[in-house]
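Fold and geometry: a report
Spelled out, the chains give:
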Amino acid sequence: MILADFQACTGIDNIAEAITLLELNNWDLVAAINGVIPQENGILQSQSEATAHTPSAPPSSASASATASSSSSPPSSSSPAFCPVQPSRHIVERQSRMLNFRVEYRQRSIEVVLEDASTVGDIKTILETELQVPVSKMQLKGWKSGDVSDSTVLQSLHLPKNNSLYVLTPDIAPLASTSQSRYGDCHPVFYIGSLEAASQEAFYGKARDRKLLAIYLHNDESVLSNVFCSQMMCADSIVSYLSQNFITWAWDVTKEANKARLLTMCTRHFGSVVAQTIRTYKTDQFPLLLIVMGKRTSNEVLNVIQGNTTVDELMMRLMGAMEIFSAQQQEDIKDEDEREAREMVKREQDEAYRLSLEADRKKREAQEREEAEQVRQERIRKEQEEEREAIRLSLEQALPPEPKEDDGEPISKLRIRTPSGEFLERRFLGSCKLQVLFDFVASKGYPSDEFKLLTTFPRRNITQLDPAWSLLEAKLFPQETLFLEAKE
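The rules behind these values
Here the residue numbering is sequential within each chain, running from 1 through the sequence in written order. Reporting in this predicted model follows two pLDDT cut-offs: at least 70 for local features of residues, and 80 or more for side-chain atom pairs to be given and counted; totals over whole chains, interfaces and linings ignore these cut-offs and use all residues. Side-chain metrics in this entry use all non-hydrogen atoms of the structure; hydrogen atoms and water are not considered. Put simply, DSSP marks the helices as runs of H or I at least four residues long and the strands as runs of E at least two long, and each gets a number from the N terminus on. A simple rule labels every residue: compare its accessible area, found with a 1.4 Å probe on the protein chains alone, to the largest value its type can have, and call it buried under 20%, exposed over 50%, or partly exposed in between. Positive charge is attributed to Lys and Arg, negative charge to Asp and Glu, and no charge count is given to His or to the chain ends. Every case where a carboxyl oxygen of Asp or Glu lies within 4 Å of a side-chain nitrogen of Lys or Arg is listed as a salt bridge. It only takes one pair of heavy atoms within 4.5 Å for two residues to be counted as in contact. Should DSSP find at least two bridges between two strands, the strands are regarded as paired. Every axis corresponds to a line fitted to the C-alpha atoms, with the helix fit spanning only the stretch in contact, and the corresponding angles, defined between N-to-C directions, vary from 0 to 180 degrees.

The chain has the name Fas (TNFRSF6) associated factor 1 in an unreviewed UniProt entry, where Cyprinus carpio carpio is given as its organism.

So, about the side chain of Lys259. Its location among the elements puts Lys259 in helix α11 (residues 256-270). Among buried Asp, Glu, Lys and Arg side chains, Lys259 stands out as unpaired, with Glu256 the closest opposite charge at 5.0 Å. Non-local contacts of Lys259, meaning those with residues more than four positions away in its chain, are made with Val253, Arg279 and Tyr281.

Turning next to the sheet that holds strand β11 (residues 451-455). The strand order across the open sheet formed by 4 strands is β10-β9-β12-β11, and the pairing between neighbours is mixed. The open sheet is flanked by β10 (423-429) and β11, the only strands paired with a single partner. Between one strand axis and the next, the sheet turns through 30° on average, direction left out of account. Where strand β9 (residues 411-417) lies against β10, 7 bridges are found, and the strand directions are antiparallel. When the bridges of β10 are listed, Arg415 appears paired with Glu425. Across the face of the sheet, helix α14 (residues 434-443) comes into contact with β9, β10, β11 and β12 (479-486) while running at roughly 150° to β10.

Here the focus is helix α3 (residues 29-36). With 7 of 8 residues buried, α3 lies mostly within the body of the structure. Among the residues of α3, those classed as buried are Leu29, Val30, Ala32, Ile33, Asn34, Gly35 and Val36.

Every other side chain in a regular strand lies on the same face of the sheet, so the side chains alternate between the two faces. Burial runs high along strand β6 (residues 246-252): 5 of the 7 residues are buried. Relative to β6, strand β5 (residues 212-218) runs parallel, the two being bridged by 7 bridges. Paired with Ile215 across the strands is Trp249, a residue of β6.

So, about unusual backbone geometry. Note that the residue after Phe457, namely Pro458, is joined by a cis bond; omega there is -5°. With respect to the secondary-structure elements, Pro458 resides in the loop between β11 and β12. Omega for the peptide link from Phe477 to Pro478 comes to 0°, which places this bond in the cis form. Checked against the element boundaries, Pro478 lands in the loop between β11 and β12. Phi angles above zero are rare outside glycine, and Asn26 is one such case at about 55°. Here Asn26 is to be found in the loop between α2 (15-24) and α3. Exposure remark for Asn26: the relative accessible area of 69% places this residue in the exposed category. Despite not being glycine, Gln132 has its phi angle at roughly 60°, a positive value. Along the polypeptide, Gln132 turns up in the loop between α7 (120-131) and β3 (139-141). Among the residues examined, Gln132 registers a relative accessible area of 65% and is labelled exposed.

As structure tokens, this is what we get:
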């Protein structure tokens, strides 16, 4: 009933998340609601406190009043004991909440307490002093809403009272340890990063590069932790086998806040069944080693190894998981190779098709250019012919009329052979200028700039004579046979 009331008041549909928030507040309904909603609606109070206008009253009295009210009557839409969004709820001006942050950085843990009116950058500034790490090189991770900017106000993130974060400094190399670690120098290489990043590293590369994911869950309050860590997890054979075949990720669930955060992550990545399985284990059954295999549609937990085991049994169970994983990996490699082969064929076909289209395009463009050039040349030729025809007609019209034989004036009868073998015949007055003769020949399609007019014997180039000479002066009288020859 408390869970249902909490979800109804807060609008949180995710059961696992709702349970986590209730567990953080020891299943105190009003405290859990105030941990989620105060940023928007203020702090829950009873009717009497709202009437008395005593905002300085301690929160415990408000919680007690609300709890008493909730126990006296069942929750309903008209009850003021639970849902802060009801019209009968009195809202008081919210006071700043203090938020607790536990920040992990390599081998250190820093506790930071700030008001929710502070920003993410304020946390980094405190960490810069504590860790001696510049803010510019610091990445603060672990926010439920994903990565946030330094200017983000904590109040806007709707955070619970207790929070766990971690710092990444990819630009700063870790310092070599000068002291022996808690369980010895021989230990597995743990993946530094979020569970999501570890899953990506293990499951989502090429099939040949994939590995199993080993999730080590540590609890300092378990009597088995020291033995399991020092004898099992630090054994040379186990360390070597994990390093070769697994991505190993670790999480400390000693504190309930850390455990709640883990359950939320497991629900998101592996489903509620895995989270519920972890929740059922008691403290004295820890540590736990979860062996997870990535599959096409979902991630599968192959094995949960408890702390009460031996090195041989641990190795056998790791090897058993590897056998299952290897069989699946071979199928994945085969499928991936076949898919890549199909994609290669498709890429080659697409490339051949593209080249064919490119060749067709170039051929078409060349043909279009050739046709355009032909059209242009034809237009030029027609324009030239039209121009020559116009000139020919104008010359023909400008010619003096052909004289008659009985005009009584000296007549020169000329016979001109064309390059095609035909003859042009015409009578001219002996006093006509050579230009008239040139114009006559040009009017027949043989302009003087392209053809020369020659006598037969002796051979003379008439077109080189002065056009102002008369036919008599050019000795083309009384008759003469000439021929046309194209100029070189």
